[in-house]
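Okay, here's what each chain looks like letter by letter:
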Amino acid sequence: MDSGIVYSTEHGKMCPTCGKPSGKCACNGKAKSNVVGDGRVRVGRETKGRKGKGMSIITGLPIGGCDLLSLAKELKKKCGTGGTVKDGVIEIQGDHRDLLVEELQKRGYAAKKSGG
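Structural notes, computed from the coordinates. (Residues numbered from 1 in each chain as written. Predicted model: local features only at pLDDT ≥ 70, side-chain atom pairs only at ≥ 80, totals over all residues. Heavy atoms only, no water.)

## Points about the sheet that holds strand E4 (residues 55–59)
Move 1: Taken together, 5 strands build an open sheet; the order of strands is E5-E6-E4-E3-E7 and the sheet is mixed. Both outer strands of the open sheet, strand E5 (83–86) and strand E7 (112–113), are each paired with one neighbouring strand and no more.
Move 2: Here E4 runs beside strand E6 (residues 89–93); their pairing, made up of 3 bridges, is antiparallel. When the bridges of E6 are listed, Ile-57 appears paired with Glu-91.
Move 3: Along the sheet, helix H2 (residues 66–79) contacts E4, E5 and E6; its crossing angle with E6, the most-contacted strand, is approximately 20°.
Move 4: Relative to the sheet, helix H3 (residues 97–106) contacts strand E3 (42–46), E4, E6 and E7, its axis offset from that of E3 by approximately 165°. (Pairing = 2+ DSSP bridges. Helix = DSSP H or I, 4+ residues; strand = E, 2+ residues; numbered from the N terminus. Contact = heavy atoms within 4.5 Å. Axes fitted to C-alpha atoms, helices over the stretch in contact; angles between N-to-C directions.)

## Description of the pairing of E5
Move 1: Relative to E6, E5 is paired through 4 bridges, and the arrangement is antiparallel. Bridged to Thr-84 within E6 is Glu-91.
Move 2: Hairpin connection between E5 and E6: a loop of 2 residues separates the two successive antiparallel strands, and Asp-87 in this loop has a positive phi of roughly 55°.

Given below as structure tokens:
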């Protein structure tokens, strides 16, 4: 695992992908080419491998890199819970599907609930 600087007293917050200050992030242009999602934003619930604890899973977002990380941070703050980004998928603790779909639609994504 590659560990890098996440904060510098001289520059402030650092981008975890390219290692440059957030204001001068160079990975935004590269992130567009490494987009994992297919553009069909789906918000589902998953408990597999989590001892019955549910998580809201957001897949298909047409963004990547720093944009995906910042969106995940804002959505976690909106839900008041923790979460992570793994392989282009945002995972948020708890069942917040309705709130997440509403928030993603406000941001211009054609989001819908998936699963049961």
